[in-house]
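Structural overview for review
Read off the chains here:
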Amino acid sequence: MKQLKLPKLLIFALIFYSAIQILYGTEILNGYILHIINQSLIYVILAVSLNLINGITGQFSLGHMGFAGVGAYVSGTISTLVFKINPSSPNGMLIFIFAIIVGGLAAAVVGFLIGFPSLRLKGDYLAIVTLGFGEIIRTVFNNIDYVGGPRGLLGIPKFSNFTTIIVAAFITLVVIRNLVESSHGRAMLAVRENELAAELVGVNTTRYKVMAFVIGAFFAGIAGGLFAHLLQMAHPTQFGFIKSVEVLIMIYAGGVGSITGSTIAAFALTFLSEGLRIGIRAIADATGLPIGGEWRMVVYSLLLIFIMLFKTEGLMGTKEAKLIRLKEVQ
Amino acid sequence: MGAIFNAQQIVNGLQVGSIYALIALGYTMVYGIVRLINFAHGDFYMLGAYAAYGAFFAFNALFVGKTGLMAFVVLIASMAAGGVIALLANRLAYKPLRYKPKLSSLITAIGVSMFLEYFLSALPAVGPSYRSFPDILPRVNINLGNAVISNYVIIDIVIAAVLMVGLTLLIKKTTLGKAMRAVSQDKDAARLMGIDIEKVIAFTFLIGGSFAGAAGLLAGMTYPRIVPYMGIQPGLKAFIAAVLGGIGNIPGAVLGAYIMGLAETFASAYNSLIGEGIAFAILIIVLLVRPRGLLGEKIADKI
Amino acid sequence: MKRLSLILVLILVAASIVTAQDIKVGGVGPVTGEAATFGVSTKNGIMLAAEEWNAKGGLFNNRKVRIIFEDDKGDPAEGATVYTKLIQQDNVVAIIGTVMSKVTLAGAPIAQAAGIPMISPTSTNERVTMVGDYIYRACFIDPFQGTVGANFAFRDLGARKAAALFDIGNDYTKGLAENFRAQFLRLGGQVVAFEGHPAGATDFKAQLTKILAGKPDVLYVSDYYNDVGLIAKQARELGFKGPMVGGDGWDSPDLVKIGGTAVENGFFTNHYAAADPRPIVQEFVKKYTAKFGAEPDALATLAYDAANIMFDAIKRAGSTKGSAIRDALKTTNLNVVSGQVTFDANRNPIKSAVIIEMKAGKQVYKTTVNP
């Protein structure tokens, strides 16, 4: 059975990829929609990787975008300042992939450092420490003139596109899904449910907590690198506390611990926020009310409250779509 | 080093800390009882400042020359605004999720916070622009020789101290306080003992919100500039102060707030370019040494 | 339900027929988030300019301009999305925006790649117009104002010891402060303190106490008016009596409202003086105040100018083609509120600066400085 189930996600991803490419090629989808899809996919990586830390292992990180920032700055520095590549460079794509992976590894190292306090701290105390780390990372970027300081790291070549981003998102989903369904994943769930009990039955809780931070940070770093090569810049304010909260919303709105939920929420909330632009304008045009873009976030925040009131466990709860599941659950 | 560690910098740090303390008091109270990271607390603070601003211009003509009465009216306005909105937020956005995973109400708290900020900012009557806050009490600078202290700093410190003592007494000595402690420790047992949990929680939000409103008024007077987004940073700092002091511990929150204020001041004076980073590093070190906060108690893990 | 949707479709079709002749121009600014006050001023300036052009009969061939204004929240990622939307979804012919350099820098490559000309009213970072030949701006670049401020402090105020305070998270304020320091040192002065504060701070006393220990003759504060008001108050409270100098971020009626008498003996570099007798200035101040109930600040003025520069270029191009508008922008020679504007080879405006003094709660024209 297992061999048959494995490629289902791959087939789905390929169909999705081809469909979007065809729609875009025939100009049914414009560049704007494609841009939102790209952004959503990057948020999928961020949300799923944060879900590994917060949802599956039950730690509380408030500094996830700090990891993304490390990935963005390290990969951006490599591609822009060290190799000075541009999209027409002969080995550009290879260097880009190398830069993104090094960015992810650098973020993983930071994740390893931040994982340590989690050995001593729990719950909200840990949240504060991760928040503090995130802010320290931001202060550091703000003060290194080599990477632009408050001007930001500019002129990053645009290597991220639909293809590279969807490949990265697919790999993230597969790796984290496989991890969760492995014995390591069971151990992580045990840490979430009851750390002391897990310890008593022989789970090395230290190892699994640090592992969750390292792997989560690695993928966040990848997402940060992709973001930098999509926007062609990296700026310290993109990686602050408020941005981390945005990702947090996605995992809880999607359902804690559900990879499917995080994925759906990343798409739904990104599209919602953009759809409201058009929705508000349509209402303003139809009714003649003097309302503009300033009301978009008012509606967004109200919808967020309603989602949580009516789907209290998030969109998916802890369930996974059949597509994501590796094994059949009885 | 003369410009970094001197009497003036201590006064500066105490001033920053006392504003944090005022917000953290209400925060830690709600936090101790419902264990909700109430992201909207900073926005109750902001509403308090706006209500005081509105009340001042509504009643200014009525109370010309009666500074004391005016100050009392704006204080009531700010506390009522913070308290009522906190009560409403609890009723509409937090109560329905009381027995659901605690993180669901965290998201509604973020939603409430965003809503209050964006709504006021979009509302033409308020708008996103900065408004200058009127001098409700005359501003007096007192020269202490090697430091200058404003009367506002003294007012902030005194009010923070009074509120801290008052709250501690409320929780330690009154029946309501006893009920609050019971709810905080074990909701189910408290209910079995005949305590109306929802009433206690609502009351907690009312007090916590009105404290935030009063803090908004004092911050508006001390730093005379208000804007709908003014609560984000102080709300975050209050959260940090509450955790640093030990969750739900009232003197701890005040202590945490003053430590934050002093750490930020000295760090900025030492190197203003990385001051914020240093302050956070101090915070992390403190928490690593005292993982349950400064005054938090060690609670045994249950299986 | 069916009938309702039919009616809706009919309305939409009718609307699209009526507006088919309009020229769509994108506007971008942060109307929500912590920079919202700047975004709203920017939006007001653009809308006022569009209204005036439409009252005069449109840009060319009686074709009116229709502004599609989008919010960027002061966030680069949101900025990139908005630029993509305006270009790909709304098919605008040009873009006026956006406010903050970091967001403009995320949008500019998109406009450049699509061949859509854009003009930023207020992005002062030098790198903005370097993105390409479709990218223009209506404001000074960072080095200019800092240099003018230093010259003024050293020569006119006779200061020899200066200190600077700026927002570490904001490249505009940091850029001005850095250039001020460089020029002040070049003139032979001494910079006794160079301090930053975090974005969104309300208490600056830690930095000010340290600054005042060095006994500076002049304090250079490159922040926006909202912070300047508080900084001035706290500096005076700590006993600083000397002059303060700043940039065009000071230009707002709210500076005096927040800072009160503390901003007296303050000077700043600006694009124009509100008391300038030129009719275009007087008419703009009058119209803006009447329409929005507040006097214009620097952001509103620059947005109004940027919109006028863009509309003028579209009119002269007589076409909605990006390359034609770009070519017309290059030869701009227009009288706007902030002066007679032409562009240099790097698409930065060549215009003079004025120095304004704060006296008895009013802006008083002090002197004009040519670049």
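Being a predicted model, the structure only gives us computed values, none of them experimental. (Residues numbered from 1 in each chain as written. Chains lettered and ligands numbered in written order. Predicted model: local features only at pLDDT ≥ 70, side-chain atom pairs only at ≥ 80, totals over all residues. Heavy atoms only, no water.)

Here we come to the pattern of salt bridges. Applying the stated criterion across every chain yields a total of 34 salt bridges over all chains. Between Glu78(C) and Arg277(A) there is a salt bridge, with the nearest N and O atoms lying 3.1 Å from each other. Within this pair, whereas Glu78(C) is found in helix H3 (residues 76-89), its partner Arg277(A) is found in helix H13 (residues 259-287), the two belonging to separate chains. Here Glu294(A) and Lys43(C) are joined by a salt bridge, their closest N and O atoms 3.9 Å apart. Placement of Glu294(A) in the loop between H13 and helix H14 (296-310) and of Lys43(C) in helix H2 (residues 36-55) is noted, with the two residues assigned to different chains. The class of Glu294(A) is buried, set by a relative accessible area of 17%. Taken together, the salt bridges that share partners define one network made up of Glu274(A), Arg277(A), Arg281(A), Arg296(A), Glu70(C), Asp71(C), Glu78(C), Lys85(C) and Asp90(C). (Salt bridge = Lys/Arg side-chain N within 4 Å of Asp/Glu carboxyl O. Helix = DSSP H or I, 4+ residues; strand = E, 2+ residues; numbered from the N terminus. Buried < 20%, exposed > 50% of the residue type's maximum accessible area, 1.4 Å probe, protein only.)

Looking now at helix H9 (residues 183-193) of chain A. All names here are of chain A. Along H9, the residues that are buried comprise Gly185, Ala187, Met188 and Val191. Along the long axis of H9, the arc covered by the buried residues comes to 160°, so they all point the same way. Turned more than 90 degrees away from the buried face of H9, the exposed residues are Ser183 and Glu193. Where H9 is buried, its residues touch helix H3 (31-56), helix H8 (162-181), helix H10 (195-200) and helix H11 (205-231). If you check the start of H9, you find a side-chain oxygen 3.2 Å away from the backbone N of His184, and it comes from Ser182. (Arc of directions from axis to C-beta. Contact = heavy atoms within 4.5 Å. Polar contact = N/O pair within 3.5 Å; in protein donor to acceptor, adjacent residues only side chain to side chain.)

The subject of this paragraph is the interface of chain A and chain B. The interface is formed by 41 residues belonging to chain A together with 48 residues belonging to chain B. With both sides pooled, the region where chain A packs onto chain B buries about 4,000 Å², and carbon together with sulfur makes up 79% of that total. Counting the surface chain A buries against chain B, the share from its top three residues, Asp124(A), Tyr125(A) and Ile128(A), is 18%. Along the contact surface separating chain A from chain B lie one salt bridge. Notably, a salt bridge pairs Glu276(B) with Arg138(A), separated by 3.8 Å at the nearest N-O pair. Along the contact surface separating chain A from chain B lie five residue pairs in polar contact (both at pLDDT 80 or more). Contributing elements (two or more residues each) for the side of chain A that touches chain B: helix H6 (117-120), helix H7 (123-143), H10, helix H12 (241-254) and H14 of chain A. (Buried area = accessible area lost by both parts, 1.4 Å probe.)

To continue, consider the UniProt feature "domain: Leucine-binding protein" (unreviewed entry) in chain C. Here, UniProt's "domain: Leucine-binding protein" (unreviewed entry) annotation points to residues 23-359 of chain C. Here residues 23-359 of chain C runs as 46% helix and 20% strand, with 44 Å between its end C-alpha atoms. (UniProt positions renumbered as here; feature names shortened; annotations may be inferred.)

Residue and element names in this part refer to chain A. A surface patch of nonpolar side chains, about 570 Å² in accessible area, is lined by Val82, Phe83, Phe98, Val140, Ile144 and Tyr146. Mapped onto the elements, Tyr146 comes out in the loop between H7 and strand E1 (153-154). Residue class for Tyr146 comes out exposed when judged on its relative accessible area of 54%. (Patch = residues over 30% accessible without salt bridge, like charges linked within 9 Å, V, L, I, M, F, W, Y side chains within 5 Å. Areas by Shrake-Rupley, 256 points an atom, 1.4 Å probe, with all protein chains shown as cover.)

Residues and elements named next belong to chain C. One open sheet accounts for seven strands, arranged E7-E6-E8-E9-E10-E14-E15; its pairing is mixed. Strand pairing shows two members of the sheet lacking a second neighbour, strand E7 (190-197) and strand E15 (362-369), which therefore form its edges. Adjacent strand axes in the sheet meet at a mean angle of 20°, parallel and antiparallel pairs treated alike. Direction of pairing for strand E9 (residues 244-246) relative to strand E10 (residues 266-270): parallel, over a ladder of three bridges. Bridging across to E10, Met244 finds its partner in Gly266. The strands touched by helix H7 (residues 171-186) are strand E6 (161-167), E7 and strand E8 (218-221); relative to E6, the strand with the most contacts, the crossing angle is about 165°. (Pairing = 2+ DSSP bridges. Axes fitted to C-alpha atoms, helices over the stretch in contact; angles between N-to-C directions.)

This paragraph deals with empty space enclosed by the protein. Empty space among the atoms becomes apparent when a probe as large as a water molecule is rolled across them. All names here are of chain B. Within this structure, the stated rule accounts for eight cavities of 30 Å³ or more. There is about 120 Å³ of room inside the second largest cavity. Those elements giving two or more residues to the lining of the second largest cavity turn out to be helix H9 (232-245), helix H10 (250-270) and helix H11 (275-289). With six residues, the top contributor of residues to the lining of the second largest cavity is H11. When grouped by side-chain class, the residues that make up the lining of the second largest cavity number ten nonpolar, no polar and three charged. (1 Å grid on protein atoms, 1.4 Å probe; cavity = no way out; pocket = protein on both sides within 12 Å on 5 of 7 lines; lining within 4 Å. Points joined across faces, edges and corners; volume = space filled by probe spheres on them. Nonpolar A, V, L, I, M, F, W, Y, C, P; charged D, E, K, R; others polar.)

With that settled, the discussion passes to the packing of helix H2 (residues 41-59) of chain B against helix H8 (residues 197-222) of chain B. All names here are of chain B. Packing of H2 against H8 brings their axes to within 7 Å, and their N-to-C directions diverge by 55°. Taken together, the axes of H2 and H8 lie oblique to each other. For the pair H2 and H8, the crossing hand works out as right-handed. In contact with His41, Phe44, Tyr45, Gly48, Ala49 and Ala52 of H2, H8 contributes Gly208, Gly209, Ala212, Gly213, Ala215, Gly216, Leu217 and Ala219. Taken together, the residues that form the contact of H2 with H8 break down as eight nonpolar, six polar and no charged. (Parallel < 35°, antiparallel > 145°, perpendicular 65-115°, else oblique. Left-handed = near helix turned anticlockwise from the far one by under 90°.)

Let us look at H8(A). With 20 residues, H8(A) extends 28 Å between its outermost C-alpha atoms, agreeing within 8% with the 28 Å of an ideal straight helix rising 1.5 Å per residue. Most of H8(A) sits inside the fold, with 14 of its 20 residues counted as buried. (Expected span 1.5 Å × (residues − 1).)

What follows concerns the packing of aromatic side chains. The way to describe two aromatic rings as a pair is by their centre distance and the angle between their planes. Counted according to the given criterion, the structure contains 40 aromatic pairs over all chains. Between Phe12(A) and Phe16(A) the ring centres are 6.5 Å apart and the planes differ by 15°, which places this aromatic pair in the stacked class. Remark: Phe16(A) and Phe12(A) occur in helix H2 (residues 7-25); sequence separation between them is four residues, near one turn of the helix. According to the relative accessible area criterion, Phe12(A) is partly exposed, its value standing at 44%. Relative to Phe119(B), the ring of Phe115(B) has its centre 5.2 Å away and its plane inclined at 15°; by these criteria the two rings are stacked. Here Phe119(B) and Phe115(B) lie together in helix H4 (residues 102-122), a separation of four residues that amounts to about one turn. Classification of Phe119(B) by relative accessible area gives partly exposed; the value is 27%. Within the aromatic cluster, the residues linked to one another by ring pairs are Phe12(A), Phe16(A), Tyr17(A), Phe162(A), Phe267(A) and Phe271(A). Lying over the aromatic face of Phe154(C), Arg160(C) brings its terminal NZ or CZ to 3.8 Å of the ring centre. (Phe/Tyr/Trp six-rings, centres within 6.5 Å; stacked < 30°, edge-to-face > 60°. Lys NZ or Arg CZ within 6 Å of the ring centre and 35° of its normal.)

In this structure, Leu46(A), Leu226(A), Tyr94(B), Phe239(B), Ile95(C), Leu208(C) and Leu219(C) are the most contacted members of the largest nonpolar core, which totals 280 residues. Split by domain, this core shows at least three residues from each of two domains, domain 1 (16-140 + 279-351) and domain 2 (142-270) of chain C. Those residues in contact with Ile95(C), other than ones at most four positions away along the chain, are Gly26(C), Val28(C), Tyr83(C), Leu86(C), Ile87(C), Ile116(C), Pro117(C), Met118(C), Ile119(C) and Met310(C). Counting 42 residues, the second-largest nonpolar core is a separate cluster that includes Ala138(C), Tyr288(C), Phe311(C) and Val336(C). (Core = buried A, V, L, I, M, F, W, Y, C linked by side-chain atoms within 4.5 Å. Domains from an automatic or database assignment.)

What follows covers the sheet that holds strand E12 (residues 339-343) of chain C. Residue and element names in this part refer to chain C. With antiparallel pairing, three strands are arranged side by side in an open sheet as E11-E12-E13. Strands with a single pairing partner mark the edges of an open sheet, and in this sheet they are strand E11 (334-336) and strand E13 (349-350). Direction of pairing for E11 relative to E12: antiparallel, over a ladder of three bridges. Bridging across to E12, Val336 finds its partner in Gly339. Sitting on the sheet, helix H12 (residues 298-317) touches E11 and E12, and the angle it makes with E11 is about 155°.

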